[in-house]
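Structure assessment
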Amino acid sequence: MRKLLAVFGAVVTGLAVVAGAGTATADELPVDFNFFAGIGPELLNPGGSLPGSNDYGCIPTPAHPEPVVLVHGTGGSQQTNWGAYVPLLKNAGYCVFSLTYGAPSGLPWPATAVGGMGEITESARQLGVFVDGVLAATGATQVNIVGHSQGTVMPAYYAKYLGGRDKIDKYVSLAPAWNGTTVAGADIILHTARRLGIQPEHFPICHACAELDPGSPFMHAVRAGGYYLPEIEYTNIATQYDELIVPYTSGLPPGGSNVHNIVVQEGCPVDYTDHAGLAGSRRGAYFVLNALDPEHPQPVPCDRAAPFSGASF
């Protein structure tokens, strides 16, 4: 019930933010650090883009020459997952793009706003097409990726196997899933499915869920030859309260000098953000800003942040 009330409150807040958006200056968007901040805009503009995102006339500045592509998690979309991040990054001077991938086909909204459900390899191909469109429109040679949950490993397949390794400069992961998930007995269910010969494309409703099994062919492909590519700068941002990536340290495999692992509770024990909330917390967002622009680091705040939403309380 508490979580339901939080979601309802966030929807109302999101609607209020959108309704009052006209009061913001032309170059300053309101930022609501709350994972649910994108729900209101999705309800008001089904299947649309958040204000400040997917502007194909955006020209990257010399200070931020790489557009940022936001890659949502399982069940998310280009609006619902990124209500905090689109305005934050746009205000910081980035060209911001976000896609919905892996959504059910042939169904009406709101099913089209539930992405990350299809086979992850196909989703990676969708990402590749999207990135090519962003590069063509902006004239940039590379993008920066910011992913959440499934969106932290799907781009890895694109980078390794679909020609993305030279098109990504910085790769920032929120609640990284480099070793998949076995939460809530999923490992037993998925292991049984594998033994019965059930392939991910035949897994009910969420094909991607089967592929996030640590023993799946997809996860083996992500780990093959090492997690990371030397051409890309990686930042992994985890929370010790992650209830889906268990243990949370499984999302923080060590690497070389191009890999930076962060736990948001280090230096801030009052941050209680969980798997979803990490994509709404102000602390996590400032770690992302610094990962994208390490030459101009900003002080990272320490908020008493709530689970589920990541909002300060």
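Refer to the structure presented above.
Residues numbered from 1 in each chain as written. Predicted model: local features only at pLDDT ≥ 70, side-chain atom pairs only at ≥ 80, totals over all residues. Heavy atoms only, no water.

Considerations on the pairing of strand β5 (residues 233-238)
- Within β5, 5 of the 6 residues are buried, leaving the element largely enclosed by the surrounding structure.
- When strand β4 (residues 168-174) meets β5, the two strands line up parallel, connected through 5 bridges. Across the sheet, Tyr 171 pairs through a bridge with Tyr 234, a residue of β5.
- Taken together, the 5 bridges between β5 and strand β6 (residues 259-263) define a ladder with parallel strand orientation. Counted as the bridge partner of Thr 235 is His 260 from β6. (Buried < 20%, exposed > 50% of the residue type's maximum accessible area, 1.4 Å probe, protein only. Helix = DSSP H or I, 4+ residues; strand = E, 2+ residues; numbered from the N terminus. Pairing = 2+ DSSP bridges.)

Examining a nonpolar patch on the surface
- On the surface, Tyr 241, Tyr 272 and Phe 313 cluster together to form a nonpolar patch covering roughly 300 Å² of accessible area.
- Here Tyr 272 is to be found in the loop between β6 and α9 (282-292). (Patch = residues over 30% accessible without salt bridge, like charges linked within 9 Å, V, L, I, M, F, W, Y side chains within 5 Å. Areas by Shrake-Rupley, 256 points an atom, 1.4 Å probe, with all protein chains shown as cover. Salt bridge = Lys/Arg side-chain N within 4 Å of Asp/Glu carboxyl O.)

Considerations on the nonpolar core
- Ranked by size, the top nonpolar core spans 41 residues in total, and within it Val 69, Leu 127, Trp 178 and Tyr 234 carry the most contacts.
- Elements that contribute at least two residues to this core include exactly β1 (68-71), β2 (96-99), α4 (120-138), β3 (143-148), α5 (154-161), β4 and α8 (217-223).
- By residue number, the principal contributor to this core is α4, which donates 7 residues.
- In this view, Leu 127 contacts Val 69, Val 71, Leu 99, Met 154, Pro 155 and Tyr 158; residues no more than four positions away in its chain are not counted. (Core = buried A, V, L, I, M, F, W, Y, C linked by side-chain atoms within 4.5 Å. Contact = heavy atoms within 4.5 Å.)

So, the sheet that holds β2
- A sheet is described by the order of its strands in space; here 6 strands give the open sequence β2-β1-β3-β4-β5-β6, paired in parallel fashion. The open sheet has two edge strands, β2 and β6, and neither has a second partner. Shown here is a sheet whose adjacent strand axes are inclined to one another by a mean of 15 degrees, direction ignored.
- Note that β3 and β4 share 5 bridges and pair parallel. Bridge pairing links Gly 147 to Ser 173 in β4.
- Together, β1, β3 and β4 form the strand contacts of α5, whose direction differs from that of β4 by roughly 155 degrees.
- Lying over the sheet, α9 contacts β1, β3, β4, β5 and β6, oriented at roughly 165 degrees with respect to β4. (Axes fitted to C-alpha atoms, helices over the stretch in contact; angles between N-to-C directions.)

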